[in-house]
Structures are given as C-alpha cells and as structure tokens.
Amino acid sequence: MNCQLYIFDCLTSKLRVSDGDFMTIGKGGKNTFRVIMATESAGAFAQRNGFCRFFPKVSVKSYSLNSAELTSNSLIKPNTHYLFVLESGCFIAWYGEEANRPDFSSFDPRTWYVYTPENKEWSSAKALLELPHIPQARMDGALATFEGLGHYAFRLADVLRVAEFVSRTDGAVQRAHTQGNTPKGKHRCPSCWATFFKEEALFIATHPSLCGDTKLGPEAMQRFLPTQLDEHGFASDPRGSRCTEQACPHCHHKLPPFFSQMTQHIFSLIGVPSSGKSYYLASLVHEMERAMPREFSLPFRDADPNSNAPLNEMRMRVFTANSPEDAYLGKQQLQKSLHRRVWVDGSYTEMPRPFIYTLNRGARAHSIVLYNNPSDNTAGNSSKYLKVADAIFFLFDPTSNVAFRSLLKHIDAPQLQQCYTPPGRQSLLLSETEMKLRTALNLPPGQKITTPLAIIIGKSDCWKSLLGPEPLLPCVRNGQLKPENIATNSARLRELLFRVSPNICTNAEAVSDKVCYFAASSLGAPPVKFTDEMTGETHLAPGSANIQPLRVTDPLIWAISCLEPSLFPGTNS
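Only a predicted model underlies this, so the values are computations on that prediction, with no experimental measurement involved.

J.: Could you give me a rundown of the overall build of the protein, with the residues and numbers involved?
T.: Scanning the protein from N- to C-terminus turns up 12 helices and 37 strands. By the burial criterion, 53% of the 573 residues in the protein qualify as buried. On the protein, roughly 25900 Å² of surface is accessible, and the fraction owed to carbon and sulfur atoms is 50%.

And the structure:
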C-alpha cells in the first residue's frame, strides 16, 4: 500500500504532503512543516512499513488527539482523520492512499460551529476568536468543528485553548490568513470549479506504460501526486519519466501552464438560445488579441491551445470563411465543442468548457477564463457557474424582443424576419439568474452581489439608429481607459433599454450593485440567408466578406478594469 501523510494547519489553512519518511512539526524554521503554535518543535511523524506514528517532543507533557488526552506516541492508522491540538497548535493529520484522501479544498477554518449536548444543537457560524464568548462555551462535552470537516469535531475545551493562544499572539495568524494561505488563496480548477492548494495538484505521467486514468478513461495518462520535485518544480512519474504538466486533484483535467503563478479571473457569458453567444465569444477573442496590445501594450495570449481548440476553430470558421455555409456555427456542433463531461462530486456531468487566456503587466500575470454557459440548464451545476464568476455578461438579443422589433419595422434585416426566442424568455433568464445566485450564495432578498454584471445589447448594427445621431463615446482613447465615457454610454443605453424593456433593467439591477450597459455587434453587419443542401433548412450566417465586429471588447475590458484597475491607465487603482 502506497500511503502518504497529509497535515492541514487549521490556523492558516496550509496543507503539507509528506515528501519522505520523517516529518517534524512546530513553529521553528527547521521543521519540515511549520504550523502556528507556541513551541519551536512539538514532535515528529515517522512512516515505516506501511504504518505512521506520531512521537511528541519530550518537553510536550500532553496533547489532544481526537478529543483524548495523550502523553506518549500514537499510531496513525490509514484512512482516518486525526484531529490534533498540540502546544497551542490545531491541525489535522491523515495517512493513506491518494485515491482515498479527504477533500482538503473544502476545509474552511474561518467558519466554526459549536455543538452543545445539553441543547442538542449547533451554534450559528462563528470565527475562531468568537468561540470563547458564546454562552455555552464552557459546557462539558461541547464540540467544535469548522466548515467542510463534516461529522468530525474537536473537543471545544481544546479549541478554546487555541483561541486564547491566538488572541495573545501579535497577529501572526491573521497575517498568515492574508498572505495566500486561506481558502480565498486556493486555486480553482477551471474545469470542475473545485478549489485546492498548490501542493495538492497532480502531475500527469509521461511514460508510455502509464496510460489509463481512473477518471478520464483508458486513453488518458495517469495522474499522480509526487513525493518530491526537482529544482525546477517538476516531478518524475513512477517509471522515472520527467513530468511537466499538472492536473486538478478533483476531476483530473489538465491545468494550464503556470496555473499556480497567475491570478485567475472567471467570466461567465449567459443568454437565451439563438442570442448569438457563440459568435460573440469568437469575435471577442479575435478582437481582444488585436486591441489589448494596440491600446494598452498588454498582450492577450492563448494560454492553452489544446483546451481552446474548439473556440479557435470557431474563430477560423467565422473569420476566414469563403461562404456563409463555411462560417455557419451549427447548434449540434457547438453543444459538442463548448461542453464536456467532467467528474464532479462522484459522478460525470456536463460542464462548460473553459477558454483560457493570459494578460501580463510586467511580472504580474493574469489568467482570463471565459465560459459560454448553458441557456437551457442541460449542463450540470447550473448555479455554480454563476457563484464562481468574477463577472457575468448577459447578452440581450433585441431582435427577439417584441418591443424592440416594433421599433425596427422600417429596417430590412434578415434577423428581424423571424424570432427564435419566446416572448419574455430573456427577462425570465435574468430572474432565474438572480434566484440561482441568491440560493448559491445564501443571499437574502434585497441584498445584492458586488460581482460586475454587463448587460450587452447585441446585434447593434441593426438598431444603433435608435440612439439618435450622436455615436457612443470611445471607451479607450490614446491608450487610456475612459471610465467616464463608459458611464455615459451606459446611461444612454439603459435609457433606451428601459424604454422598451424595463424588466430587463430592473431584474439586472436587483442582482448586482455594479451593472453597466453596453452595445455590441459580433459581425458588424446583418447576417445572410443560405439553404442547407443536405437538410433543406434555411439558416442565417455571417457574410463571409463583411465581418467587422463593433465594440465587442468593451464589456470585457470594463470587467477586467473593475477587478484589476492597475492594468489600465486611466482607472483609479
């Protein structure tokens, strides 16, 4: 049995995986694993012959292990949680095979709960330092646990000693929580959206004999957790071959290169079927690659060509096609390429495929993750993609709105001759979005999220005359972002949208306290009709020689500036 030892520090959320047969623990710099506690060195874990044992330091008079007071060494059995309170330190040890290890990424010791046997109930969520002040804090038999630990719990009396130690320290614990070791500092897998620590990331085997992964199937290379890394941070697989690519410990999908070295931002695009999301996404990436270096000296680069292949193929179809038939993006093809099966919570589910790009300003690297999210809830985790998003884009299709269409009767445009979306469906989608967010975030009525929400009124080439003779102001001028122009444009567009479809505005503004309105055209000109020779069906597709996207980058640049204002001259950092 190939077992490894994991130690999770409950005061800093730091996880350490053993890289040898011996691991010392304490606050001193010479320990293999440093934890927040009062003692330089408190003991050691030794792994021999398939067993692990903890040996306390001679100076340690006693320690608590799973609520029992011990003085001598103790056996750490495989596949069991061991909850230690040792010399004012509070940590969890687990020993076993990688396939059985607990989900440390779900542990959140910022949020504690207390159980009192007399009342037979759990307290409301508390911070660690609040535990000594609750009325039942000194009751015999009371237990304490934190978010994600499940049915395991510490003895409350032990945790109170830790809380008292923390309150006496000079803020070391609080500083540790703001330096990337808290759950906020974890990495989020762009495929399954689960979080994990850097040390938990798996490597992908390269030796030909190590083909066949437990979650990705027989054609995928095995994933493994290394016992040691070379001087460049790379691992060797069990057959000795060097491995440079890493994978998520939860779903086993490959992570982008340098994943742990970049700040990740997730952007979710939503809209009803036939609103033009896929064309918008293809045009957005196409234009971002051109606009960002030109306007801000910020290269917008493909971070993972293999994962981004479906979107790159869509771009090629749209922007290099010789005919409308070549540029047409069929629904069945899109469904297959924009989603994939991912192992989530013990089963396979359909998830939106991430499209990942990078932005660099000097040494600071940012990962831009784009999702074309499902419109019909056929993909799994339909609310979680909203919960994890750093910004949400809602693509509104005015040609499917009855009030908008009535204002455009004088315009001869193919997209106005037929309506694919039932009346009211777009407003309903925003209402559903609000309910999903409130449920996922446990957000009470009246409280809004701070996540930026961009309302994009698409297909602007056919309705821009409704704004009057004055064009929209440029969002960028002379390499400077113009927030005042963005705000002015947003006010004009909101006024128009509120006049014809006020429920879109009210629903959006009930979701977020940071809503901004944009106009965009993915193609820059009306589509053209063509007949499929195989099926006889009539479709609309881009005119192959007349594609000039209009203002498609404005929403994404605005959203990034909200999250990382220092990237753009002209914003307040």
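We are not done yet, so read on.
J.: So what about the sheet that holds strand 13 (residues 121-122)? Which residues, and what values?
T.: Taken in spatial order, the four strands of this open sheet run 13-12-14-15, and their pairing is antiparallel. Only two strands of the sheet have a single partner each, and these edge strands are strand 13 and strand 15 (154-155). Where strand 12 (residues 108-116) meets strand 13, two bridges bridge the pair, whose relative direction is antiparallel. Each residue of the ladder has a partner; that of Thr-116, found in strand 13, is Glu-121.

J.: Tell me about unusual backbone geometry, and please be specific about residues and values.
T.: Positive phi, close to 70°, is recorded for Ser-67, a residue that is not glycine. Checked against the element boundaries, Ser-67 lands in the loop between strand 7 (63-65) and strand 8 (68-70). Residue classification places Ser-67 among the partly exposed residues on the basis of a relative accessible area of 27%.

J.: Which residues make up the pattern of salt bridges, and what values go with them?
T.: Any two side chains of opposite charge can pair, given that their charged atoms come close. Evaluation of the coordinates by the stated rule reveals 13 salt bridges. In this structure, the salt-bridge partner of Glu-564 is Arg-364, at a minimum N-O distance of 3.0 Å. With Glu-564 in the segment after helix 12 (554-563) and Arg-364 in strand 30 (residues 364-372), the pair connects residues that are 200 residues apart, well separated along the chain. In this structure Arg-364 comes out as partly exposed when scored by relative accessible area, which is 42%. One connected set of salt bridges, linked through shared partners, spans Glu-69, Arg-155, Asp-158 and Arg-161.

J.: Just give me the short version of the sheet that holds strand 18 (residues 202-204), but keep the residues and values in it.
T.: Here three strands make up an open sheet; going across it, the order is 21-18-24 and the pairing antiparallel. Whereas interior strands pair on both sides, the edge strands pair on one side only; in this sheet they are strand 21 (223-224) and strand 24 (246-247). Where strand 18 meets strand 21, two bridges bridge the pair, whose relative direction is antiparallel. What sits directly across from Ile-204, in strand 21, is Arg-223.

J.: So, the packing of helix 3 (residues 277-296) against helix 4 (residues 309-320): which residues are in play, and what are the values?
T.: Axis separation between helix 3 and helix 4 bottoms out at 9 Å; the angle between their running directions is 90°. Overall, the two elements helix 3 and helix 4 adopt an arrangement that is roughly perpendicular. For the pair helix 3 and helix 4, the contacting residues are Ser-278, Tyr-279, Leu-281, Ala-282, Ser-283, Val-285, His-286 and Glu-289 in the first and Leu-311, Met-314, Arg-315, Val-318 and Phe-319 in the second. Residues of the contact of helix 3 with helix 4, tallied by class, amount to eight nonpolar, three polar and two charged.

J.: So what's going on with helix 3? Residues and values would help.
T.: Where helix 3 bends most, at Met-288, the angle is about 30°. Across the 20 residues of helix 3, 15 count as buried, placing the element largely inside the fold. Where helix 3 ends, the next residue or the one after it, Ser-297, has phi of about 55°, a positive value.

J.: Give me the lowdown on the side chain of Gln-47, citing residues and values where you can.
T.: By the element assignment, Gln-47 lies in strand 5 (residues 43-48). Gln-47 gets classed as buried once you look at its relative accessible area, which sits at 9%. For Gln-47, the residues in contact, after removing those within four places along its chain, are Cys-3, Gln-4, Leu-5, Ser-18, Gly-20, Asp-21, Cys-52 and Tyr-95.

J.: So what's going on with the packing of aromatic side chains? Which residues, and what values?
T.: Under the definition given, this model contains 27 aromatic pairs. For the ring pair Phe-84 and Phe-91, a centre distance of 5.0 Å and an interplane angle of 10° mean the geometry is stacked. Looking at Phe-91, the relative accessible area reads 0%, which means it is buried. Three or more aromatic residues link up through ring pairs in this structure, and these residues are Tyr-6, Phe-8, Trp-94, Phe-104, Phe-107, Trp-112, Phe-146, Phe-154 and Phe-197. One cation-aromatic arrangement involves Arg-341 over Tyr-348; the distance from NZ or CZ to the ring centre is 4.2 Å.

J.: An account of the nonpolar core is requested, with residue identities and associated values reported.
T.: Nonpolar side chains tend toward joint burial in soluble globular proteins. Counting 45 residues, the largest nonpolar core has Phe-267, Met-292, Leu-370, Phe-393, Ile-560 and Phe-568 as its most contacted members. Tallying contributions element by element places helix 3 first for this core, with nine residues. Ignoring any residue separated from it by four or fewer positions in sequence, one finds Phe-267 in contact with Ile-368, Val-369, Leu-370, Tyr-371, Ala-391, Phe-393, Leu-556, Ala-559, Ile-560 and Leu-563. Listed in part, the 34 residues of the second largest apolar core include Tyr-6, Cys-10, Phe-197 and Leu-225.

Reading the values: rules and limits
- Residues numbered from 1 in each chain as written.
- Predicted model: local features only at pLDDT ≥ 70, side-chain atom pairs only at ≥ 80, totals over all residues.
- Heavy atoms only, no water.
- Helix = DSSP H or I, 4+ residues; strand = E, 2+ residues; numbered from the N terminus.
- Buried < 20%, exposed > 50% of the residue type's maximum accessible area, 1.4 Å probe, protein only.
- Areas by Shrake-Rupley, 256 points an atom, 1.4 Å probe, with all protein chains shown as cover.
- Pairing = 2+ DSSP bridges.
- Salt bridge = Lys/Arg side-chain N within 4 Å of Asp/Glu carboxyl O.
- Axes fitted to C-alpha atoms, helices over the stretch in contact; angles between N-to-C directions.
- Parallel < 35°, antiparallel > 145°, perpendicular 65-115°, else oblique.
- Contact = heavy atoms within 4.5 Å.
- Nonpolar A, V, L, I, M, F, W, Y, C, P; charged D, E, K, R; others polar.
- Bend = angle between axes of the 7 residues up to and from the residue.
- Phe/Tyr/Trp six-rings, centres within 6.5 Å; stacked < 30°, edge-to-face > 60°.
- Lys NZ or Arg CZ within 6 Å of the ring centre and 35° of its normal.
- Core = buried A, V, L, I, M, F, W, Y, C linked by side-chain atoms within 4.5 Å.

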